[in-house]
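Each chain, letter by letter, is given below.
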Amino acid sequence: MISFKNVSKFYDHNTVLKNVSFNIAKGEMAFITGPSGAGKSTLLKLMYMAELPDEGDITIESVHLSSLKMSEIPMLRRKIGVVFQDFKLINNLTVFDNVALALHIRGISEREIRAMASESLKRVNLRHLAESFPKSLSGGEQQRVAIARAIVGGPVVLLADEPTGNLDPGTALDIIMLFRELNDQGTTILIATHNRELLRNTDKKTLKLEGGTFVQEEIV
Amino acid sequence: MTASSYSFKSAFKSLAKEKWINILSTLTVGSSLLIITLAVFFLYNIEFIANHLPERFSMMAYLQDPISQEDTQKIIDTLRTRPEVLKVRYISKEEALLELKQTLKDSTHILEGLDENPLTSSIEIKLRKEFVTPATTSRMATEIKKMPGIDTIYYGERIAEAIHMLKRSVQNISIIIFLTISLGVVFVTYSTVKILFYRKKEEIEILKLLGATGSFIRAPFLIEGGVIGLFGGILGVAGAFVFYFAVTYRLSMVIPMLKTLIFPIGVLIALPFVGIILGVIGSAIAIGRIRLW
């Protein structure tokens, strides 16, 4: 499903990722951990091509990202659902419209959009807030909207960058439970987090990044 | 709702949200397009006059004296076969004298001392208007003068040159005015859309990350530019109508000559379309190429 082979990324003369290699199988859920600045966000950005690697090869669903033309990037991004650390919601759109936006981009009909967006909001228990605006929601609720938008298009993989970074421990746990549910329903999930509390008692694959390279691949 | 109807909805939402900047841009585009229309109005009328001047232009070929009737007919026939020639009129010595006498009216005593008619017979040649250019008239004059039986030719080269220069100047001024003001309109929509584009930078980044194509991102801005151009064009048409009625109804009471002015209606119909095209061009330049990473 996801394969990194000797991937390196440099910013000016700083090495952010060095010879990173790993595989994530279809339907798997995995965590990338490590302190702030370890390269977790960069690693995720390389997958949805917000950044390009300087060395190595990345494959998602048998597609070598290096072989993609710029015009093919939107199609890749539609296959990947991303939950951003800062949510990246559009404040002048309602919760429903924020979720629906991901479907408008795909050129889906209005009728289908209504059904799919409602279903997605139901999955994250936010249907009652569909007409609210993001600014009126709590951090946890905004994160759920971001998740609903990420999963609405039926992505082959869901990436989450510090999804609990701005949340209190109780809400953070709820969000992680939600990811587990989505994973149980068959979605491949990769979560980058520095919060090791979330990994306690997990049976999921955990990849630890430090100084831009994996120091161990562990099951906590 | 398809992607295109979403783009329209998004564009109209933005037009309403940023109404003041959009109203100001529309007014600016409208005034600019009105200037184009007025310029076209004046230049069209000048061109109209310039186009009718060649109809009054003629060449006079004076025949040798004496000349036989057969030779005269041969010259007339040769001239009639030329593609540049519209009409040929033979003026005999007697007709020429009669015309001179009519012109002189009360001063015919000037001619009293003459024993015989001093004038020669001549041929008046009227050209098709597209051939009334300095180059053609000069070439024709040289060729006709070489014909046997022709004594001299007068063709008013200065008039041909003046008509040609007037037409050329009108065309050049039209092009300069149109290009300058069109650039102005493009710049106005460019600036407006650039501002809107920067205001929505964050939203555009989100759209890119969600998998939007460049054209999906670009479409609402192009529509917005087009709408500014369209309403600018409609304003221009309205302004032009006000001007037209002011000139033909009010001012023509004082200056009756103004009643003969022609208003090119085609320009009015085209104006909103010109507005749309210029608006879309301005927007397209403002957005530029969208990089997806």
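The notes below deal with the structure included here. (Residues numbered from 1 in each chain as written. Chains lettered and ligands numbered in written order. Predicted model: local features only at pLDDT ≥ 70, side-chain atom pairs only at ≥ 80, totals over all residues. Heavy atoms only, no water.)

What to know about the side chain of S32 of chain B
All names here are of chain B.
- Note that S32 resides in helix α2 (residues 19–52).
- Residue classification places S32 among the buried positions, given a relative accessible area of 13%.
- The contact partners of S32, leaving out residues within four places of it in the chain, are I181 and V185. (Helix = DSSP H or I, 4+ residues; strand = E, 2+ residues; numbered from the N terminus. Buried < 20%, exposed > 50% of the residue type's maximum accessible area, 1.4 Å probe, protein only. Contact = heavy atoms within 4.5 Å.)

Describing the environment of I223 of chain B
Residue and element names in this part refer to chain B.
- Considering the arrangement of structural elements, one finds I223 in helix α8 (residues 214–254).
- Assessed through its relative accessible area of 15%, I223 is described here as buried.
- Along the backbone, I223 and F12 are 211 residues apart, and their C-alpha atoms lie at a distance of 8.5 Å.
- For I223, the contacting residues outside a window of four places in its chain are S7, F8 and A11.

Side note on the interface of chain A and chain B
- Counting residues at the interface gives 25 residues for chain A and 20 residues for chain B.
- The largest per-residue losses of area from chain A upon contact with chain B belong to M70, R77 and I105 of chain A, which jointly make up 30% of the total buried on that side.
- The tally of links between chain A and chain B comes to zero salt bridges.
- Along the contact surface separating chain A from chain B lie two residue pairs in polar contact (both at pLDDT 80 or more).
- Residue assignment for the side of chain A that touches chain B shows that the elements contributing at least two residues are α2 (73–79), α3 (95–104) and α4 (110–123) of chain A.
- Here the side of chain A that touches chain B gets four residues from one element, more than from any other, and that element is α2 of chain A. (Buried area = accessible area lost by both parts, 1.4 Å probe. Salt bridge = Lys/Arg side-chain N within 4 Å of Asp/Glu carboxyl O. Polar contact = N/O pair within 3.5 Å; in protein donor to acceptor, adjacent residues only side chain to side chain.)

Quick word on the nonpolar core
All names here are of chain A.
- Among the nonpolar cores identified, the biggest contains 55 residues, and F4, F22, L43, L44, M47, L159 and L190 are the most heavily contacted of them.
- The contacts of L43, once residues within four sequence positions are left out, are F4, L17, V20, F22, I32, L209 and F214.
- Counting 40 residues, the second-largest nonpolar core is a separate cluster that includes F96, V99, A100 and L182. (Core = buried A, V, L, I, M, F, W, Y, C linked by side-chain atoms within 4.5 Å.)

Overview of the sheet that holds strand β1 (residues 58–63) of chain B
All names here are of chain B.
- If you walk across this open sheet you meet the four strands as β2-β3-β1-β4, and the pairing is antiparallel. In the strand order of this sheet, the two ends are held by β2 (85–91) and β4 (150–154), each with one partner. Each strand axis lies, on average, 20 degrees off the axis of its neighbour in the sheet, ignoring direction.
- Here five bridges tie β1 to strand β3 (residues 122–127), and the two strands are oriented antiparallel to one another. Bridge assignment links M59 to a residue of β3, and that residue is I125.
- Those strands touched by helix α3 (residues 69–81) are β1, β2, β3 and β4, and its axis lies near 165 degrees from that of β2. (Pairing = 2+ DSSP bridges. Axes fitted to C-alpha atoms, helices over the stretch in contact; angles between N-to-C directions.)

Section: the packing of aromatic side chains
- With the rule as written, the count across this model stands at nine aromatic pairs over all chains.
- A cation sits over an aromatic face here: K88 of chain A above F84 of chain A, 5.7 Å from the ring centre. (Phe/Tyr/Trp six-rings, centres within 6.5 Å; stacked < 30°, edge-to-face > 60°. Lys NZ or Arg CZ within 6 Å of the ring centre and 35° of its normal.)

Considerations on the pairing of strand β4 (residues 55–60) of chain A
All names here are of chain A.
- Pairing of strand β1 (residues 2–11) with β4 involves five bridges; the strand directions are antiparallel. Counted as the bridge partner of S3 is T59 from β4.
- With two bridges joining them, β4 and strand β5 (residues 63–64) adopt antiparallel strand pairing. Bridge assignment links T59 to a residue of β5, and that residue is H64.
- The antiparallel hairpin formed by β4 and β5 contains two residues in its connecting segment, where E61 sits at a positive phi of about 50 degrees.

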